[in-house]
Amino acid sequence: MGFDILKGYTKLPRYIDADDSEEKLSVTTEVEIASARCTLKVFIFLTVANVLLFAISIYNFEIRSCKISSAHEASHSGSNPAHDSTPYSTFLDTVDLNLQPHTFNGRLRDNTSIYRMPPSSEVDEAWDYISTEGLEVMTVSSSDILHSFKDPSISVQAPQSWNRGPDAYIVQIDVFHQIHCLNELRKEIYHDYYYPDQQPDELHREHKNHCIHMILQNLMCHADLEIITHNWVHNDLIPEPKTRPFPDFNVVKQCRDFDGILDWATQNAVKNLPGKWNDLRIPPGTRVVPGDGYA
């Protein structure tokens, strides 16, 4: 008996002719061969399709990687490692940063550096020089402002009388403000020398707090990862035990050429700044920013 999906079970014939059997077997074989060939073709097609899809995926991944890399390189104008910690600054392409290894002076007691000496006119002059005091302002283009994630429409434009061109905006280089802030904290150690008979008012305290916070944010932003080793040190000036492990703060770092940056900044700064600054007047129609937090 056989089963018909529509009629149910049906009787099979009593016999099958031999010739018919051979013919049906031949047809069945041909069908099976044709089916196998189709299956092989489908398998080959799917394999090739998967390989092509994989290749396209790899291609797209590489294209995206190249675009990201190109954007990164474009924002840093090359593969100079000295650029890597600064998202954008027009000065990266202008100043020769000249990375060099430098060993810090980490001594606890040291009087060889003028920056650690007690107050004097010479010490103040040295600090003013490395913070570009009086020479801290220079100019950049509106494009440089935009690339620094700032808005030219609220940035102060240099007047034509400064002879800096029609697209010149007033800026400072951050490192010199950081040094200014460090100098302000140094003066607090010698408060009586720098502020004789003067009690700090609210603005004085907030200025120092601003400086502390700016230096802290910069340290946390750059987060130096150089290691500080420890040495066995003998020191008769400390309590027993006189010999104990002590950190070796003479860390070796890769440093930008600060002297070169300082020389470039002073050469390209706006000269005779105090008089020019006092003569600045807001142009008509200029957007004004609320003063909260500025003073």
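Scroll up to find the structure.
None of the values given here were measured: they were computed from a predicted structure.

## Topic: the overall build of the chain
Consideration 1: Assigned secondary structure in the chain consists of eight helices and eight strands.
Consideration 2: Counting all 295 residues of the chain, 20% fall into the buried class.
Consideration 3: By sequence separation, contacts in the chain at least 24 residues apart represent 63% of the contacts at least 6 residues apart.
Consideration 4: Surface accessibility of the chain: about 22300 Å² in total, with carbon and sulfur atoms responsible for 59%.

## Some thoughts on the environment of D110
Consideration 1: Along the polypeptide, D110 turns up in the loop between β3 (100-103) and α2 (121-130).
Consideration 2: What D110 contacts, discounting residues up to four positions off in sequence, is N105 and R116.
Consideration 3: At 3.4 Å, the side chain of D110 and the side chain of N105 are in polar contact.
Consideration 4: Only 2.7 Å separates the side chain of D110 from the side chain of T112, close enough to count as a polar contact.

## Thoughts on the packing of aromatic side chains
To describe a pair of aromatic rings, one takes the distance between the centres and the angle between the planes.
Consideration 1: Applying the stated rule across the entire model yields five aromatic pairs.
Consideration 2: Relative to W127, the ring of Y115 lies with its centre 5.4 Å away and its plane at 80 degrees, an arrangement referred to as edge-to-face. Here Y115 is found in the loop between β3 and α2, whereas its partner W127 is found in helix α2, with 12 residues between them in sequence.
Consideration 3: Since its relative accessible area comes to 7%, W127 is described here as buried.
Consideration 4: The lysine or arginine in question, K253, covers the ring of F104, its NZ or CZ lying 5.3 Å from the ring centre.

## Structural notes on α2
Consideration 1: Within the span of α2, buried status applies to V123, D124, A126, W127 and I130. When α2 is viewed along its axis, its buried side chains cluster within an angular range of 160 degrees and face the same direction.
Consideration 2: Those residues of α2 that are buried lie in contact with α4 (174-189), α5 (191-194) and α7 (258-268).
Consideration 3: T132, located one to two residues past α2, shows a positive phi value of around 50 degrees.

## Remarks on the packing of α4 against helix α6 (residues 202-222)
Consideration 1: Remark: α4 packs on α6, axes separated minimally by 9 Å, with the N-to-C direction vectors making an angle of 130 degrees. Taken together, the axis directions place α4 and α6 in an arrangement best described as oblique. Of the two possible hands of crossing, α4 and α6 adopt the one that is left-handed. Listed contacts from α6 to D174, H177, Q178, H180, C181, L182, E184, L185 and E188 of α4 are H204, H207, K208, H210, C211, I212, M214, I215 and N218.
Consideration 2: Taken together, the residues of the contact of α4 with α6 sort by class into seven nonpolar, seven polar and four charged.

## Considering the environment of H204
Consideration 1: Take H204: it is sitting in helix α6.
Consideration 2: Judged by its relative accessible area of 11%, H204 falls in the buried class.

## Comments concerning the nonpolar core
Consideration 1: By size, the foremost hydrophobic cluster in this structure holds 19 residues, and its most contacted members are F91, M138, I173 and W264.
Consideration 2: Looking at this core, the elements that each hand over two or more residues are α2, β4 (138-140), β5 (169-171), α4 and α7.
Consideration 3: The biggest single contributor to this core is α7, with four residues.
Consideration 4: If we ignore the near neighbours within four places in the chain, the residues touching I173 are F91, E136, M138, W264 and A265.

## Considerations on unusual backbone geometry
Consideration 1: Geometrically, the link from E240 to P241 is a cis peptide bond, its omega value of -5 degrees lying close to zero.
Consideration 2: Phi at F149 is positive, roughly 65 degrees, even though this residue is not glycine.
Consideration 3: Among the structural elements, F149 can be located in the loop between α3 (142-147) and β5.
Consideration 4: In this structure, D197 is a non-glycine residue whose phi angle is positive, near 55 degrees.
Consideration 5: Locating D197 in the fold gives a position in the loop between α5 and α6.

## Quick look at the packing of α2 against α4
Consideration 1: Orientation of α2 relative to α4, taken along the N-to-C sense of each, is 155 degrees, at an axis distance of 8 Å. Considered as vectors, α2 and α4 are oriented roughly antiparallel to each other. In this structure, α2 uses V123, D124, W127, D128 and I130 to contact α4, whose residues at the interface are F176, I179, L182, N183 and R186.
Consideration 2: Counted by class, the contact of α2 with α4 contains six nonpolar, one polar and three charged residues.

Thresholds, definitions, all that
- Residues numbered from 1 in each chain as written.
- Predicted model: local features only at pLDDT ≥ 70, side-chain atom pairs only at ≥ 80, totals over all residues.
- Heavy atoms only, no water.
- Helix = DSSP H or I, 4+ residues; strand = E, 2+ residues; numbered from the N terminus.
- Buried < 20%, exposed > 50% of the residue type's maximum accessible area, 1.4 Å probe, protein only.
- Contact = heavy atoms within 4.5 Å.
- Areas by Shrake-Rupley, 256 points an atom, 1.4 Å probe, with all protein chains shown as cover.
- Polar contact = N/O pair within 3.5 Å; in protein donor to acceptor, adjacent residues only side chain to side chain.
- Phe/Tyr/Trp six-rings, centres within 6.5 Å; stacked < 30°, edge-to-face > 60°.
- Lys NZ or Arg CZ within 6 Å of the ring centre and 35° of its normal.
- Arc of directions from axis to C-beta.
- Axes fitted to C-alpha atoms, helices over the stretch in contact; angles between N-to-C directions.
- Parallel < 35°, antiparallel > 145°, perpendicular 65-115°, else oblique.
- Left-handed = near helix turned anticlockwise from the far one by under 90°.
- Nonpolar A, V, L, I, M, F, W, Y, C, P; charged D, E, K, R; others polar.
- Core = buried A, V, L, I, M, F, W, Y, C linked by side-chain atoms within 4.5 Å.

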